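# Observations on chain architecture
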Amino acid sequence: MSIQTVGIIGAGTMGNGIAQAVAAAGLQAIMVDISQAAVDKGLATIGASLDRLVKKDKISEADKAAILARVQGATDYAALKPAQIIIEAATENYELKLKILKQVEDVAAPGTILASNTSSISITKLAAHTREPERFIGMHFFNPVPMMALVEVIRGLQTCDATHDAVTELARTLGKTPVSVKNAPGFVVNRILVPMINEAFFVLAEGSAEPEAIDEAMKLGANHPIGPLALADLIGLDVCLAVMEVYLEEFGDSKYRPAPLLRELVAAGYLGRKTKRGVYQY
């Protein structure tokens with residue numbers, strides 16, 4: 001299956017990043033969100049990202065213009081009809097994702113692959129509610145999408161080989177390294193990463209060290225490029241909390257209980273970089 005046009009649902013951090021990666025690879029990207037303001041913000045973010053690449057001499061102004069020309073913004077799911085694959089990149093909420101997938105199925109062309117960029121929700125469970133579960137798959141990108149090389153390709157129990165192979169090839173076309181993983185809460189990377197971040201909030205709440213010290217210790221002592229608390233701010237504290245809540249529910253193991261401080265910060269609306277305040281202020 002030759003994929004030339006990719007639909008993306010969501011113009012937020014992950015959605016616009018996926019759209020940029022798709023367009024930069026020479027493919028057509030159709031990015032859909034619920035409002036024109038959200039679409040415009042996503043397009044502006046892509047433009048700003050490309051401007052940084054121009055300043056670093058990674059691409060030319062002509063390259064930037066060509067990439068932007070391959071990104072179409074829309075507020076109507078009907079715009080997704082030309083896509084051979086549609087990637088859902090909405091908020092990490094099971095009911096919301098189900099609602100979106102049902103709406104997308106009504107406009108998608110026959111044979112279209114549906115994929116979710118979910119970081120923790122069961123692909124098998126989502127696929128069970130689609131008309132062609134064999135054409136449903138997980139395609140988990142990492143933030144920031146234009147820079148991060150990994151894509152977790154997650155097979156649900158129903159996913160067929162042709163769907164898996166097409167998505168794996170698409171990831172390579174985007175310049176990414178696909179890693180095939182089985183369906184399980186958190187898959188591989190986040191199953192290990194998010195509990196570590198959660199533990200950093202326990203350490204912070206216990207007063208073992210200041211945020212800067214915790215992050216510096218993990219950077220120097222574990223050779224991490226960014227500390228766990230700063231990474232939480234980058235990911236979004238609400239996303240970290242949602243993932244831990246999925247683990248707690250799916251595994252039924254108290255070791256996955258979210259740190260109370262993480263819950264408190266989310267309740268306050270301190271979600272990280274996207275709200276200008278999380279563990280740190282921006």
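Residues numbered from 1 in each chain as written. Predicted model: local features only at pLDDT ≥ 70, side-chain atom pairs only at ≥ 80, totals over all residues. Heavy atoms only, no water.

## Topic: the pattern of salt bridges
By the definition in use, this model includes nine salt bridges. A salt bridge links Lys64 to Asp51; the shortest N-O distance between them is 2.5 Å. Linking Lys64 in helix α3 (residues 61-69) with Asp51 in helix α2 (residues 36-55), this pair joins segments that are 13 residues apart in sequence. For Asp51, a relative accessible area of 31% corresponds to the partly exposed category. Through salt bridges with shared partners, a single ionic network connects Glu88, Glu92 and Lys97. (Salt bridge = Lys/Arg side-chain N within 4 Å of Asp/Glu carboxyl O. Helix = DSSP H or I, 4+ residues; strand = E, 2+ residues; numbered from the N terminus. Buried < 20%, exposed > 50% of the residue type's maximum accessible area, 1.4 Å probe, protein only.)

## Some thoughts on helix α6 (residues 161-173)
In this model, α6 (13 residues) spans 18 Å end to end at C-alpha, consistent with the 18 Å of a helix rising 1.5 Å per residue. Inspection of α6 places Thr163, His164, Ala166, Val167, Thr168, Leu170 and Ala171 among the buried residues, and these make up the whole buried set. Buried residues in α6 make contact with β1 (5-9), β4 (85-88), β5 (113-116), β6 (136-141), β7 (150-155) and β8 (177-182). Two residues or fewer after α6 comes Gly175, characterised by a positive phi angle close to 80°. (Expected span 1.5 Å × (residues − 1). Contact = heavy atoms within 4.5 Å.)

## Section: the pairing of β1
The element β1 is largely enclosed, with a buried count of five among its five residues. Covered by surrounding structure in β1 are Thr5, Gly7 and Ile9 together with Val6 and Ile8, the residues of both alternating faces. Between the parallel elements β1 and strand β2 (residues 28-32), the chain passes through helix α1 (residues 13-24) in a crossover that is right-handed. Sheet topology note: the β1/β4 ladder contains four bridges and is parallel. Residue pairing across strands places Ile8 opposite Ile87, the latter belonging to β4. (Right-handed = clockwise from strand over helix to strand, strands pointing away. Pairing = 2+ DSSP bridges.)

## Some remarks on the packing of aromatic side chains
Under the counting rule described, the total for this entry stands at three aromatic pairs. Summarising the aromatic geometry, the rings of Tyr247 and Phe251 are spaced 6.3 Å apart at their centres and angled 65° between planes, so their arrangement reads as edge-to-face. Placement of both Tyr247 and Phe251 in helix α10 (residues 237-251) is noted, with a separation of four residues, approximately one turn of the helix. Residue Tyr247 is classed as buried on the basis of its relative accessible area of 0%. Phe251 sits in the partly exposed class, given a relative accessible area of 32%. Measuring from centroid to centroid gives 5.0 Å for Phe251 and Tyr256, while their planes differ by 25°, and the two rings are stacked. The exposure class of Tyr256 is buried, given its relative accessible area of 6%. Each residue in the set Tyr247, Phe251 and Tyr256 is aromatic and connected to the rest through ring pairs, giving one cluster. Lying across the ring of Tyr94, Lys125 places its NZ or CZ 4.6 Å from the centre. For the cation-ring pair, Arg277 lies above Tyr270, with the distance from its terminal atom to the ring centre recorded as 4.1 Å. (Phe/Tyr/Trp six-rings, centres within 6.5 Å; stacked < 30°, edge-to-face > 60°. Lys NZ or Arg CZ within 6 Å of the ring centre and 35° of its normal.)

## Thoughts on the environment of Asn198
On the secondary structure map, Asn198 appears in helix α7 (residues 189-205). Owing to a relative accessible area of 2%, Asn198 belongs among the buried residues under this scheme. Residues within four places of Asn198 in sequence aside, it is in contact with Met244, Arg257, Pro258, Ala259 and Leu262.

## A closer look at the UniProt feature "binding site: CoA" (unreviewed entry) in the chain
When the UniProt feature table is mapped to this numbering, "binding site: CoA" (unreviewed entry) covers Ser49, Lys56 and Ser119. These annotated residues cover 71 residues of sequence, and their C-alpha atoms reach 31.0 Å apart at the extremes, leaving them scattered rather than at a single site. Looking at the element boundaries, Ser49 is found in helix α2. Classification of Ser49 as buried rests on a relative accessible area of 13%. Among the structural elements, Ser119 can be located in the loop between β5 and α5 (123-127). Beyond its immediate chain neighbours, meaning those up to four positions away, Ser119 contacts Glu92, His140, Gly186, Phe187, Asn190 and Val243. (UniProt positions renumbered as here; feature names shortened; annotations may be inferred.)

## Some details on the domain arrangement of the chain
Partitioning the chain into domains gives domain 1 (5-182) and domain 2 (190-274). Here the C-alpha centre of domain 2 lies 26 Å away from the C-alpha centre of domain 1. A buried area of about 570 Å², summed over both sides, lies between domain 1 and domain 2, and 53% of it is on carbon and sulfur atoms. Three residues stand out in domain 1 for area buried against domain 2, namely Ser119, Ser120 and Asn143, and they jointly supply 55% of the buried area on that side. Across the domain 1-domain 2 interface, the total number found is zero salt bridges. (Domains from an automatic or database assignment. Buried area = accessible area lost by both parts, 1.4 Å probe.)

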